[in-house]
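Survey of secondary and tertiary structure
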Amino acid sequence: MACCVLQITGLIFGGVGMVGTLAATVMPQWRVSAYIGGNIVVFETVWEGLWMDCISQLGIRLQCKFYDSVLALPPLLEAFRALMCFAVILSIISFLMAIVGVKYTHRAKEDPQGISIFILAAGVAFLLTGILVLIPVSWTGGSIIRDFYDPKVPTSLKRELGAALYVGWVSAALLIAAGAMYCSF
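What this report covers is the structure whose coordinates are included nearby.

Thresholds applied
- Residues numbered from 1 in each chain as written.
- Predicted model: local features only at pLDDT ≥ 70, side-chain atom pairs only at ≥ 80, totals over all residues.
- Heavy atoms only, no water.
- Helix = DSSP H or I, 4+ residues; strand = E, 2+ residues; numbered from the N terminus.
- Rg over C-alpha atoms; globule rule 2.2 N^0.38 Å.
- Buried < 20%, exposed > 50% of the residue type's maximum accessible area, 1.4 Å probe, protein only.
- Contact = heavy atoms within 4.5 Å.
- Patch = residues over 30% accessible without salt bridge, like charges linked within 9 Å, V, L, I, M, F, W, Y side chains within 5 Å.
- Areas by Shrake-Rupley, 256 points an atom, 1.4 Å probe, with all protein chains shown as cover.
- Salt bridge = Lys/Arg side-chain N within 4 Å of Asp/Glu carboxyl O.
- Polar contact = N/O pair within 3.5 Å; in protein donor to acceptor, adjacent residues only side chain to side chain.
- Phe/Tyr/Trp six-rings, centres within 6.5 Å; stacked < 30°, edge-to-face > 60°.
- Lys NZ or Arg CZ within 6 Å of the ring centre and 35° of its normal.

The number of helices and strands found in the chain is 4 helices and 5 strands. Secondary structure elements in the chain, listed N-terminal to C-terminal, are α-β-β-β-β-α-α-β-α. Radius of gyration (C-alpha) of the chain: 20 Å, far over the 16 Å computed for a compact globule of 185 residues. With the C-alpha coordinates of the chain rotated into their principal frame, the extents come out at 70 × 35 × 30 Å. Buried residues in the chain amount to 39% of all 185 residues. Sequence-distant contacts in the chain: of pairs separated by 6 or more residues, those separated by 24 or more amount to 66%.

Here you go:
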């Protein structure tokens, strides 16, 4: 019974982590404009994401623009895009393997080895997906914090941590927890 509860909990964590990974990938709020100094009148908020930049004017009007050229992007942004896309695909595959493993655990009492391979594969895939999400999200967070406290960076170019980074960190934690649950069988 405890095994079944742990499997269902891992499936829920993995599903929420999968949705969070997809959300963090498509959200434009990776970097958000920072308002520091004496200027407290703010007319525009700038969001920078993996796929587009957005400008919100007075919280009323939102304009988003996809990046013009893939070739003109910084190599780090291209790598983060690739890692997050691969993480989305791997999280979907992991979730489907976990569903198959959980669904057929009770039906195959005579061959528990075959099912435990599915559960173990899903666990390893969830762990790998969590690490793949954690790399670009933490790297971006670290560079934002480093630039924020760097006196050489102009105030207008300083950014704060956006909502997508927090979604990414929570998703990575849930995926790693789901992977740990499935690897414990």
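Take a nonpolar patch on the surface next. A cluster of nonpolar side chains, contributed by Leu76, Ile131, Ile135 and Trp139, occupies part of the molecular surface with about 380 Å² of accessible area. The leading source of residues in the nonpolar patch is helix α3 (residues 112-148), at 3 residues. Its location among the elements puts Ile135 in helix α3.

A word on the side chain of Arg159. Mapping Arg159 onto the fold places it in strand β5 (residues 159-161). The class of Arg159 is buried, set by a relative accessible area of 13%. For Arg159, the side chain forms a polar contact with the side chain of Glu48, separated by 2.9 Å. In this structure, Arg159 is in contact with Arg31, Val32, Ser33, Ala34, Val46, Glu48, Ile144 and Phe148, ignoring residues within four places of it in sequence.

Our focus in this paragraph is the pattern of salt bridges. Between side chains of opposite charge, a pair can form when the charged atoms approach closely. Applying the stated criterion across every chain, the model contains 3 salt bridges. Ionic pairing is found between Lys65 and Asp68, a salt bridge with its closest N-O pair at 3.1 Å. Owing to a relative accessible area of 49%, Lys65 belongs among the partly exposed residues under this scheme. Take Asp68: its relative accessible area is 68%, and that puts it in the exposed class. A salt bridge links Arg146 to Asp147; the nearest nitrogen and oxygen atoms lie 3.7 Å apart.

Turning to the packing of aromatic side chains, a few remarks are in order. All told, the structure shown has 4 aromatic pairs when counted by the stated rule. Between Phe126 and Tyr182 the ring centres are 6.1 Å apart and the planes differ by 15°, which places this aromatic pair in the stacked class. Of the two residues, Phe126 is situated in helix α3 and Tyr182 in helix α4 (residues 163-183); the sequence distance between them amounts to 56 residues. Here the two residues Phe126 and Tyr182 agree in accessibility, since each one is buried. Between the aromatic rings of Phe148 and Tyr149, the centroid separation amounts to 5.2 Å while the plane-to-plane angle is 85°, which identifies the pairing as edge-to-face. Residue class for Tyr149 comes out exposed when judged on its relative accessible area of 64%. In this arrangement the basic side chain of Lys158 is found over the ring face of Phe148, its NZ or CZ atom lying 5.9 Å from the centre.

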